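# Structure assessment
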Amino acid sequence: MDALLTVTGLTKRFSSAGPPVIDRLTFAVQRGEIFALLGPSGCGKTTSLRLMAGFERADDGHIVLDGRVLSGPHTHVPPERRGMGLVFQDYALFPHLSVLDNVTFGLRGHTKNEQREKAARALRLVGLQGFEARTPHELSGGQQQRVAIARSLAPSPRLLLLDEPFSNLDALLRQNTRSEIRGVLKQEGITSVLVTHDQEEALSFADRVAVMRHGQIEQVGTPEEVYYQPRTLFVAQFLGRTNLLFSQAQGTEADTPLGRVHLSRDARGPVLLSLRPEHVTLDAAEAYPDRPHASVIAREFKGHDITFRVEMDGSEYLVHTHNRMDFQPGDRVALCPLEPAVVLESQQPPAAPLSGVTSAEAAAS
Amino acid sequence: MPDVELQEHVDASRGPQPAEPPPGSAGRSWRLREKLREWYLWGPALFVAVGVLIPMVYLVLRAAEAEPAYLAALVVRSRTLELLWNTVALTAGVLAVATAIAFPLAWLTARTDLRGKRLVTLLGVLPLAVPGYVMAYVLLATTGANGTLAQVAGLGVPRLNGFTGALLALSLYTFPYLFLNLRTALLDLDPALEESARALGYSRLQVLRHVVLPQLRPGFLAGGLLVGLHVLGDFGVVSLMRFDTFSYALYVQYTASYDRIYAACLALMLLALTAAVLFLEARLLRGLSLHRTGSGASRLTPPVRLGAWRSVGYLFAGTVTLAAVGLPLLTVGYWMQEAASIPWAALGEALRGSVSASAPAALLACGLALPLAYLSVRRSSPTTHALERIAYFGYATPPLAFALALVFFTLRTVPPLYQTLTLLIIAYALHFLAEAIGPIRTALYQAPPRLEEAARSLGRSPLQAFVAATLPLLRKGLLVSIALVFLSAMKELPITFLLSPLGFDALALKVWSYANEALFAGAAPFALALMVFSAAFVGLLLLREDR
């Protein structure tokens, strides 16, 4: 593997009392990779970004970019000498400069011709040719965002840092811009670190996602890995709604409130399992006389799928099914796992009442 | 500052994880280095702190040179008590008269159906364009055997002077501070409160007494503080009116016998009185929270119908305007025409003198205010707030005491600086710094800090980033602060009086010295020029208010 950026044991505290905001953070970003730091507000992701950019000074740990130590016990390279591009949540375009002057702002040391060429190329990449003479306040939010990206790409940074760059756009524009910008970054092979609290954004934009909590990384992996194989309860809940099952594991299988299920890995004794709503399906109760039965509480038809809420022994579970599933509230059903349940790591033995559906809102609180 | 750093160090060692490298020791030397690297921020801030505070220390040192017994004899005697009584009585009297003028005027313009309210409001602010000593000159030139009234109408009004003269002159030019504050307070009142009180059986007058007046207290205190500080800091009016206050005694000491120890004592007592006023205001304001408790936009109060009383309202507004704005214009106009010819050469000389000190002072003040405002907005900490507070302290210090402190300080440490234009410029800049900070601060709050960070991530050093990203957005604020300090320095009298170089002429000095010798025609052209500059100052303030 060829890591461009390595962060090792990075620690930052804002006051001497209380826990550090960033606690021995360690990760590596590969050349050409889009890496996302995902977490709820206050998890330290923005501070990590500001440490990488050099606006904050680390109390401990190393940041190394392309073999060059940017931050260490006796080193602190100032932001202007880090060769990183930075895109802010509110874009931070210079209001007194035209679009062209904004984009050439970071191109000092180049001839006028080079400046014009590089700026034109950057603006072409984000699809904003012809806007050179405008001032930022004459642009829409989406256009301002593109100018901000063009401005940080123009000096060919070795690493691009993006701080919640899509959160100021409305929902529809956000999806389009996101996939276009991702296309540009991939096409140009630009290594990027994205910071966001939006799990959908992280999953769809990044090649790899690091889920952060309390200044530490709980899990790093591809979007599929962190979604399908959450390591902890926090990750399972933060990345979407999931059914939690308090179970007794016996090797590759476990006894759960839903009956016997297969496990993602070997385990023994009391464990907490996560089973995503789309990894379960419903069937008529009569077809499974030996499985525990549930009753349908609510059916929500959403076009391309259906969400069922079912009740069993006082706990509620969620099931996403295809749109032809015909059960109605009041029907007796059996829950059939389609995939092995994921065994979550936990320090202490989980408490039984945890079984049931939980969501990202529960995780954030 | 050392105390703060020490405190942090102690806290770090008490931290929960002593094994971790604490931000204390390593962080402390880093913070110091960071401050040294940002010398262009901390240097000017330090200059301001030293420039404002050290001279004050010298006042104390000067006074402490004397034998304690001698010092006690100087301070504890009936003369001091008399000065104290006069100063306090004048302050209280001006507050009372200014309130009597300002409150009805504020009520008329804020709460009634009086027509031409905008014009009346403007006229209520305009007296600020007449500096106190010009107002004193106007009153002196109007009354008495040689006054305008006697010469034009043959009215033998006794010459105004002493307490009455000082009271009238100061009230007529300071009441706009109260007027503006009370008017804003009246406009912000929630009409629902008054209506509830009426519904609960209170009469109009009872509502005023129990509901309206208590809510005006913060506005009254804010305006009253400005009036009080102006009276305590005043030198021109009391010296022209020959009224024995601390300022006047200080002036007599300085010019006649110049007993430095006694002068230092007087200045310190004046400072103590100012501190007492500031303390009292803060004390009275504490715990005073009169915000509306409800949510949503407040409705507009229906204006009170004056009916037949409308003419009384016009009469009042007209009288006040005539006294505060009309009289100065008429008087100056009359004496201009009495004068044989306009002394263009002397006028030019005085104007050149005033500008030669005021213009550099305005630039210097702006240059000092920029780093101070930047520190307080972008590096918000107890230290930077204290630095900004020092600038406001310099503004509240009576200018005569401030100038005297600078005299002592320079004579002791850098004698060649004494009676130079440089010292005068520095004194102006330090005294009026607070006026320069305001507009820059406001502009800085509107310039997002992200811009500078963006510039840094695009390869600019901190200073370059500030110049490229933030400075262009501060242009208007910088211009306003330069203009405010320039115009203030143009009309400043006591600092000019004590610190001007030999042979230096300024508009303010001319008006004062002619008026002091009852040469009313001689003073007129200089007074007119000053009123023009002051009017520009007021216009600028009003423009800012409008935004």
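Everything quoted here is computed from the prediction, not taken from an experiment.

### What to know about the overall build of chain B
Looking only at helices and strands, one finds 27 helices and zero strands in chain B. Its C-alpha radius of gyration of 26 Å places chain B within 12% of the 24 Å reference for a compact globule of 547 residues. Each principal axis of the C-alpha distribution contributes one length, and for chain B these read about 90 × 65 × 50 Å. Sorting the 547 residues of chain B into buried and exposed places 50% on the buried side. Summarising the internal contacts of chain B: among those between residues at least 6 apart in sequence, 82% fall at separations of at least 24. Just so you have it, chain B exposes about 24900 Å², and 66% of that area is on carbon and sulfur atoms. Distance between charge centroids for chain B: 6 Å, based on 42 positive and 30 negative side chains.

### Thoughts on the pairing of strand β4 (residues 60-65) of chain A
All names here are of chain A. Here strand β1 (residues 3-12) pairs with β4 via five bridges, running antiparallel. Each bridged residue has a counterpart across the sheet, and for V7 the counterpart in β4 is I63. Direction of pairing for β4 relative to strand β5 (residues 68-72): antiparallel, over a ladder of three bridges. Residue pairing in the sheet places L65 in a bridge with R68 of β5. Where β4 hands over to β5, the hairpin turn is made up of two residues, of which D66 adopts a positive phi near 55°.

### Overview of the packing of aromatic side chains
Evaluated as defined, the whole model comprises 19 aromatic pairs over all chains. Look at F234 of chain A and F238 of chain A: their rings are 5.6 Å apart centre to centre, the planes differ by 15°, and that puts the pair in the stacked class. Here F234 of chain A pairs with F238 of chain A, and both are found in helix α8 (residues 233-238), just four residues apart, close to one helical turn. Assigned by exposure class, F234 of chain A and F238 of chain A land together as buried. On the basis of an interplanar angle of 65° and a centroid distance of 4.9 Å, the ring pair of F497 of chain B and W512 of chain B is categorised as edge-to-face. Of this pair, F497 of chain B sits in helix α25 (residues 494-499) while W512 of chain B sits in helix α26 (residues 507-516), placing them 15 residues apart in sequence. Of the two residues, F497 of chain B and W512 of chain B, both sit in the buried class. Grouped by ring-pair contacts, the aromatic residues F235, Y248, Y251, F497 and W512 of chain B constitute a single cluster.

### Quick notes on the interface of chain B and chain A
Listed by partner, the interface residues are 26 residues for chain B and 29 residues for chain A. When chain B packs against chain A, the two sides together hide about 2500 Å² of surface, and 59% of this comes from carbon and sulfur. Where chain B meets chain A, there are two salt bridges. Put simply, E453 of chain B and R50 of chain A hold a salt bridge, and the shortest N to O gap is 2.7 Å. Elements with a minimum of two residues in the side of chain B that touches chain A: α1 (2-13), α22 (450-457) and α23 (462-470) of chain B.

### Focus: the domain arrangement of chain A
Residue and element names in this part refer to chain A. Per the domain assignment, the segments of chain A are domain 1 (3-228) and domain 2 (233-364). Taking only C-alpha atoms into account, the centre of domain 1 sits 38 Å from that of domain 2. The interface is formed by 14 residues belonging to domain 1 together with eight residues belonging to domain 2. The tally of links between domain 1 and domain 2 comes to zero salt bridges. Our count for the domain 1 to domain 2 interface comes out at two residue pairs in polar contact (both at pLDDT 80 or more). Going through the elements one at a time, α6 (199-205), β10 (208-213), β11 (216-221) and α7 (223-228) are the ones with two or more residues in the side of domain 1 that touches domain 2.

### A closer look at the nonpolar core
Ranked by size, the top nonpolar core spans 167 residues in total, and within it Y137 and L499 of chain B carry the most contacts. With 15 residues, helix α17 (residues 344-378) of chain B is the single largest residue contributor to this core. In this structure, Y137 of chain B is in contact with L240, V332, W335, A515, F520, A523, A524 and A527 of chain B, ignoring residues within four places of it in sequence. Judged by nonpolar contacts, the second largest core, of 43 residues, contains V99, F131, L160 and V226 of chain A.

### Let's talk about the environment of A169 of chain B
Residue and element names in this part refer to chain B. Along the chain, A169 turns up in helix α9 (residues 162-188). Residue A169 is classed as buried on the basis of its relative accessible area, which comes to 0%. What A169 contacts, discounting residues up to four positions off in sequence, is M135, A136, L139 and V237.

### What about the sheet that holds strand β3 (residues 34-38) of chain A?
For sheets, the rule is that strands pair by backbone hydrogen bonds, running either parallel or antiparallel. Residues and elements named next belong to chain A. Pairing within the open sheet is mixed, and its six strands lie in the order β7-β8-β9-β3-β10-β11. Bordering the open sheet on either side are β7 (84-87) and β11, each of which pairs with just one other strand. Going from strand to strand, the sheet's axes swing by 20° on average, the running direction of each strand aside. Pairing of β3 with β10, which is carried by four bridges, proceeds in the parallel orientation. For A36, the partnering residue across the bridge sits in β10 and is V209. Here helix α4 (residues 141-153) sits on the sheet in contact with β7 and β8 (159-163), set at roughly 170° to β7.

### Quick word on the domain arrangement of chain B
All names here are of chain B. Partitioning chain B into domains gives domain 1 (39-61 + 341-547) and domain 2 (77-286 + 303-338). Here the C-alpha centre of domain 2 lies 25 Å away from the C-alpha centre of domain 1. Counting the surface lost from both domain 1 and domain 2, the interface buries some 3500 Å², and carbon and sulfur atoms represent 81% of this. Of all residues in domain 1, L400, F520 and M531 give up the largest surface area on contact with domain 2, accounting jointly for 19% of the area buried on that side. Counting across the interface, domain 1 meets domain 2 through zero salt bridges. Looking at the side of domain 1 that touches domain 2, the elements with two or more residues in it are α3 (39-64), α19 (399-413), α25, α26 and α27 (520-546). No other element matches the 13 residues that α27 contributes to the side of domain 1 that touches domain 2.

Conventions and cut-offs
Residues numbered from 1 in each chain as written. Chains lettered and ligands numbered in written order. Predicted model: local features only at pLDDT ≥ 70, side-chain atom pairs only at ≥ 80, totals over all residues. Heavy atoms only, no water. Helix = DSSP H or I, 4+ residues; strand = E, 2+ residues; numbered from the N terminus. Rg over C-alpha atoms; globule rule 2.2 N^0.38 Å. Buried < 20%, exposed > 50% of the residue type's maximum accessible area, 1.4 Å probe, protein only. Contact = heavy atoms within 4.5 Å. Areas by Shrake-Rupley, 256 points an atom, 1.4 Å probe, with all protein chains shown as cover. Lys, Arg positive; Asp, Glu negative; His and termini not counted. Charge placed at Lys NZ, Arg CZ, Asp CG, Glu CD. Pairing = 2+ DSSP bridges. Phe/Tyr/Trp six-rings, centres within 6.5 Å; stacked < 30°, edge-to-face > 60°. Buried area = accessible area lost by both parts, 1.4 Å probe. Salt bridge = Lys/Arg side-chain N within 4 Å of Asp/Glu carboxyl O. Domains from an automatic or database assignment. Polar contact = N/O pair within 3.5 Å; in protein donor to acceptor, adjacent residues only side chain to side chain. Core = buried A, V, L, I, M, F, W, Y, C linked by side-chain atoms within 4.5 Å. Axes fitted to C-alpha atoms, helices over the stretch in contact; angles between N-to-C directions.

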